[in-house]
Amino acid sequence: MFKITVMIKYKNLDNLRKSIAVVMLSIFASSCSNDFLDLQPHQSIDTDMALQSIGDFQAANVGMYDGLSSSNYYGRYFVLVSDIMSDDVKQNASANRASDWAAYAGSSTDNNNLANNIWSRIYSVIDRSNRIILSETTLPPSVQDEFDNIKGQAYAVRALAHFDLVRLYAQHYTYTNDASHMGIPIVTSIDPFTKPARNSVKEVYDQIISDLQTALELVDKKKNSFFLTQSGVYGLLSRVYLYKEDWVNAVDAADQVIDSNLFSLVPNENYQAIFNTDHSSETIFEIDMHETDNRGTDALGGMYLATGYGDYLPSKDVLNLLPPNDVRNSLYITDAGLAGDYASKRVNKYDSKLGLNNIPVIRLSEVYLNRAEANAHIPGAEMAAQQDLNKIRQRALPSAPDVTATGSQLIDEILKERRVELAFEGHRLYDLTRNKKGVHRTDCTSSVCDVSYPSDRFVLAIGQAEIDVNPNVTQNPGY
Amino acid sequence: MKRKIIFCILTMLVSSFVFPQRIIKGNVSAADGIGPLPAATIMIKNSSTGVTSDFDGNYSITANVGDILVFSYIGMVTQEVAVKNQTEINVVLKEDLSELDEIVVIGYGSVSKESLTGSVEVLSGDKFEMATSTSLENSLQGNVAGLQMSSSGGQPGSNVDIRIRGIGSFNADSSPLYVIDGIPVITGSQSETDFGNDGHASNVMSTINPNDIESVSVLKDASATAIYGSRGANGVIIITTKSGRSGKMKINFSTQVGFSSPAYNNLNEPINEKDYHTLFIEGYVNDGKTVEYAQNLYDNYYPDPADTNWLDAIMRNGVTKQYNIDASGGGDKITYFASASYFDQEGIMLGSDFERLSSRLNLTAKVTDKLTITNNISVGRTTAHGATEGTSFDSPMYGAYLVPAAVPIYNEEGQFYNGHVGFMMGGANPVGKYTEDERWMKQTRIIDNISADYKITQNLNFKTAWSFDLLNIHEFEFDNGRYGDGRRVGGRADEATIENISWIGTQTLNYNKLFQDRHQIDVLLGYEAQKSERRSLRARAEGYPNPNLRTLANAANPTLATSAKSEYSFLSMFSRLSYNFDRKYYATLSYRRDGSSRFGSDNRWGNFWSVGASWVLTQEKFMTDLTWLNNLKLRASYGVTGNAGIGNYDSLSLYGFGNDYATMPGSAPSNVGNSLLTWENQHSMDIGLSLAFLNNRITSNMTYFIRKNEDLLLERPLSRTTGFSANLQNVGDMQNTGFELDVNIGIIDSEDFNWQLGANVSFVNNKITKLDEPITENLFRKEEGRNFYDYYLTQWAGVDPQTGQGLWYTDETKSVKTSDYNEAERVYVGKSALPDFFGGLNTSVRYKNFELSGQFSFVWNKYLYDYPAFVMDSDGRYTPRSTTQWNFDNRWTTPGQEALNPKWVWGNTSLSNSKNSTRALYDATYVRLRDVTFSYDLNNSVAEKINIVSMKIYLKGSNLLTWVRNKDLRLDPESGTNGMVDAFIPMAKTVTVGLNIGF
């Protein structure tokens, strides 16, 4: 490809020949081939080669869960943001992280860019699931079960991710009669250049339910709370149907979990074990947190603990709902350093200084409460609802009297129990809005203490980065 | 020709009869301590009789009385001595500085200045000698037309951005290629941790001793840079190190000591405790709380309030010490240059310093008449201590303003205070951070460059050059467990090592001949291969039981252990053809074909070329009458170069690893990839005029250029629903047009008194010429027809005198004001981070042995964004952080008050501190006295008496004075890159005394 021609008349041709030989030699010694230029990276591999063996799929599956554990998702902000928008939390004096949302002053460019970061992170998990679902690789029958299990989990994670997006960025299912209001874009294909529009909330829920049902046929039935199993998928289904107000299906899905007998409520005396041990007996799906995840600064617990950022405190509104001997009082500790309006408790549910608490996604007590709430809406099923509610309430306080309330009072009791049982696990805001209730903070240190239902502000803005790039996406009203 | 010779012989014969002949002996030596000159030529004028001196400079020649002896030596001023009755004639030749200036090092060779067809500027080594800055790039600012430098701060050893003729790229590197002794080298920051910064605080070029530099050539246009092909588009900086010269050994010793303080006098000041207390109460009262409530909280936070000036507490006068010694000389076969130096600089901030030990040996051996072997080896070792800068809790220039004066430095036990850990920036203690914790980086670099040059014939040369650039970095960070970033995990440490190895082999064949006395041709053919490999190893651990035992082995939990490897390669062939006719018409053709591993498999090879021509009008007959005009030269060039400065694997669609979960290894898509990815192309045109008149007393260069950059690499944003944020693509064109002018005037030029004045100015106009859709970023919006750094912000409309609320204009018309930030549109505010023009001004006055010189640099109509203002001047948004004196003094307090800044409300949600508003945009037009030096040179006669060759003492000031147009500017106008200044250590001014002695 490269020839040297030297056109010189020279007497000592011998010398010249020698010299040219040296030049040519050194050229070819340096290897003139394209191999020299074809350097592959050492920390990553070409996408075409990434999903070829069962080992590749196992790694991709793990990578998908790693996305769930990111600090912009279950690792911290996704769970935190909805909670600090609710009435369970008050801001500490120095609260800065995510504080625009706590104070209902959020925007598409909020102070930690969370509107963008949470959105981006959840969609990257969807991309990871789509890579597995859409792979055309076929594997030998000997590993087919494991392969099915991975594909099933990919469907389940894709559903969970869509569900989390539609909860945070769109109004709840019954906001309009036919759920025709703006949801979020459904992504079930891989195209780096797509600019999808927002689907309606109904379309999103249909997609979620369809994915969860596909998952049911593929995933393992065995118990492993670090990954989504059949019980995890049923658990998610019970919540999705509950949000959709499809009471019968919510009960059915919850039955599948409870009747499997794979899980049991953690006894009163070990209550905190739900949050600081792996695989507690009632945990159906949790996000594992480990030393190598280097959680120190990023952990959800650090947002509450004095040793962390300590930006947010439990409001008396939620603390006062707990009777004196309720075991759940032990999840809050007194901090003498808190003065005035900020006194005096801190959330200690996630008690590891190093941020090693797993983040619960679904646990048995929620499934009981999902079933109780659904049953309370089904004529003739009130007694079943009361029984489930008693189970949760009396586990925490064995001396608590049986529930006798009925009708809307029963529903209120269930919601109250849900509030104290699942506090700081990212449920409260959605439980309020889907029941068409506003946020009313009595013990309030924020500049905003009352937001009545309905409000444009109960959902996040779509991040500016998406708006800038994607003309098909409509911003939420009010932003 | 033949006739001439016959005539000469005849004259000689005749004269030998007429005049008595005698034998004259003597010695030829050189001034300035160079000593005897071997192989100097001694000719009898107008004859062909001549001899050369021996190794000791002695000669003997037979001449007649009345003959004139001509003593000449390369690089020396030729001297003539008439033969009278002497039998011994000793001469001392002086160095010919003008002739040295004439030889210009260019890519893969050197040429006479006269024959340049491209735009090349040369700086001699004295510009770099005993500079008070850590690396050579700092000495370029203001000295080269079209070159602009910006620095991100005053950390000694930190990185600088050099842009030649504007910004040539959106996303790829816009820095020039650096070449040392013919070999492209690794530049910039190669660190993993960079003291917790993103690469602005370290620079591998700081391992090079600037005192070793003989000259620097700055290649600006395609005619000069096309020989570097895909790496030539941003210009090339060629550094040539010193070499020895045959003759007596010459030793130079220089030393200096300097004292530094912040260069800019109007930097922000923190507020004292009294003001902070006022603000604290006011902030709660404005939020609807009572004074008692606020006072209780204050007492709770600050039980024993101190009055600390954190800025004073972390600033110091830094001391810089420097020692340099070199020796050079050689015999007729071997010449050498050897140097050793020690450089030690304290930053103006506690805990920031830089130390360099370096040595060099440049050897040249004439093995035979035909074969010359050269080996240049340099070793540099730097040790630096630094700070995490910017808007991080541990950043000293951030904490100094935000940690309130009420917080004491020490607690009662004499430990660093951390009682504010629960409510104030993780208990940040700026003093403790940089005295108790550790942040260090050691860089070791060896560059060896060995070459053999074989003269195949008189006109044909073959050269093979091999170089190895070995770089090793070891860095360590420790954060204590009591306060600051390490508090949550009981202390932590982060350690990394990086090894970077690059080799290059270059083979060139060079043919050079003058035909028929008029046609000079020079042909270069070359082949080059390069491969570079980087390996890094990094580990982190948390939980330190004993804060004094800091190695990772002492920690409770290892949290990270990782290693990585990355490579790239280049294969290149190149050629240059230079031709000149009668030293009047010059033409140069260059060509390079480059292949690189960085580019997509479908687009791996590219061709680059240039043509250049020049015409020396003063060589024309019709000009010879214009005796006042010494030189008039026109030149023009056009060519295509490339920019290959992108990541090593950007073209590949990738799955990455390290996405672990539940202690199992995981993978995830990491890069979208683009197999069409290729280098950016640049088409550039250059037209220039060089002038010299009035006996070369006035010289000037004027250049007009157009740089058109095409296929610019751009991170095209993607919809986040794809799971990715951006994809690198070759889209977009940009153009820089500009004009450069430099003038040098020798106002007075006599034996005892000299006065010289020089100036350069550059106008560069940047414009995005193609971009299919605009891209909005933090502060800017890239759009076709706009310049690259056009600020795109909401427009601050001041403070409402009635309510104390911040106001914005709703749109471009500025007709309606609103206190709701969300109603304010972002618009082009008509200001840019790119200046209208910039340049330098220098002058020197010498009277006898005294010399006074000064150099100014200026930048006109450039704007800067004060990034940390959103926290430092936050109007209370970040409870309960303190603020700057300027913000405190200018805040709104009472209705009806016209104030610059809004009222202070803790937890303020008015968004008045919003990150992209013109409130924090400042005019940064400035003129700076970069250098002023007063020196005294010892008389030669005095020097001889004390047995030395030369001695010079000097007093020097760097960055002593700064003038800014905007008196509200509280940022160093020269700091900041990309139109933004972060909370970095400020730049320093330095006063230095120094001494140079030659033996």
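Note that the structure is predicted; figures quoted are calculated from it, not measured.

## A closer look at the overall build of chain B
Logical step 1: For chain B, the count of helices and strands is 11 helices and 52 strands.
Logical step 2: The C-alpha atoms of chain B give 32 Å as radius of gyration, which agrees with the globular expectation for 999 residues (30 Å, within 12%).
Logical step 3: For chain B, the spread of C-alpha atoms along the three principal axes comes to 120 × 65 × 60 Å.
Logical step 4: A total of 999 residues make up chain B; the buried ones form 50% of that total.
Logical step 5: A fraction of 69% describes how many contacts in chain B between residues 6 or more apart in sequence connect residues 24 or more apart.

## Topic: helix H6 (residues 114-133) of chain A
Logical step 1: With 20 residues, H6(A) extends 28 Å from end C-alpha to end C-alpha; this agrees with the ideal 28 Å at 1.5 Å per step.
Logical step 2: Extensive coverage of H6(A) is indicated by the burial of 19 of its 20 residues.

## Description of the confidence of the model for chain B
Low pLDDT means the predicted coordinates in that region are not meant to be read closely.
All names here are of chain B.
Logical step 1: Mean pLDDT over chain B stands at 89; residues scoring 70 or higher make up 97%.
Logical step 2: Here residues 7-17 scores under 50 on pLDDT; set against residues more than four positions off or in separate chains, the count is 10 contacts.
Logical step 3: Overall fold confidence for the complex sits at a pTM of 0.82, while the interface term, ipTM, reaches 0.88.

## A word on the confidence of the model for chain A
Residue and element names in this part refer to chain A.
Logical step 1: Looking at chain A as a whole, the pLDDT averages 90, with 92% of positions reaching at least 70.
Logical step 2: Throughout residues 1-13 the model reports pLDDT below 50, and contacts reaching past four residues in sequence, or to other chains, amount to 14 contacts.
Logical step 3: Every residue in residues 24-32 scores below 50 in pLDDT, and together they form 12 contacts with partners more than four places removed in sequence or on other chains.

## A look at the interface of chain A and chain B
Logical step 1: Facing the 80 residues of chain A at the interface are 75 residues of chain B.
Logical step 2: Of all the secondary-structure elements, those providing two or more residues to the side of chain A that touches chain B are helix H1 (13-29), strand S1 (44-46), helix H2 (47-50), helix H3 (54-68), H6 and helix H17 (464-469) of chain A.
Logical step 3: If one sorts the elements of the side of chain A that touches chain B by residue count, H6(A) sits on top with 8 residues.
Logical step 4: Of the strand pairs in this sheet, S1(A) and strand S31 (residues 654-657) of chain B are connected by 3 bridges, and their pairing is antiparallel. Within S31(B), the position partnered with Asp46(A) by the bridge is Leu654(B).

## Details of the sheet that holds strand S47 (residues 863-866) of chain B
Residues and elements named next belong to chain B.
Logical step 1: Taken together, 3 strands build an open sheet; the order of strands is S48-S47-S51 and the sheet is mixed. Edge positions in the sheet fall to strand S48 (921-923) and strand S51 (980-981), since each of these pairs with one other strand and no more.
Logical step 2: Relative to S51, S47 runs parallel, the two sharing 2 bridges. Its bridge partner being in S51, Tyr865 is matched across the sheet by Met980.

## Focus on helix H8 (residues 201-218) of chain A
All names here are of chain A.
Logical step 1: The end-to-end C-alpha separation of H8 is 26 Å, in line with the 26 Å expected for 18 residues at 1.5 Å each.
Logical step 2: Looking only at H8, the buried set comprises Val201, Val204, Tyr205, Gln207, Ile208, Asp211, Leu212 and Ala215. All buried residues of H8 fall inside an arc of 160° around its axis, so they share one side.
Logical step 3: Those residues of H8 hidden inside the fold are in contact with helix H7 (144-169) and helix H9 (230-244).

What counts as what
Residues numbered from 1 in each chain as written. Chains lettered and ligands numbered in written order. Predicted model: local features only at pLDDT ≥ 70, side-chain atom pairs only at ≥ 80, totals over all residues. Helix = DSSP H or I, 4+ residues; strand = E, 2+ residues; numbered from the N terminus. Rg over C-alpha atoms; globule rule 2.2 N^0.38 Å. Buried ≥ 20, exposed ≤ 12 C-beta atoms within 10 Å, placed from the backbone. Contact = placed C-beta atoms within 7 Å. Expected span 1.5 Å × (residues − 1). pLDDT = per-residue confidence, 0-100. Pairing = 2+ DSSP bridges. Arc of directions from axis to C-beta.

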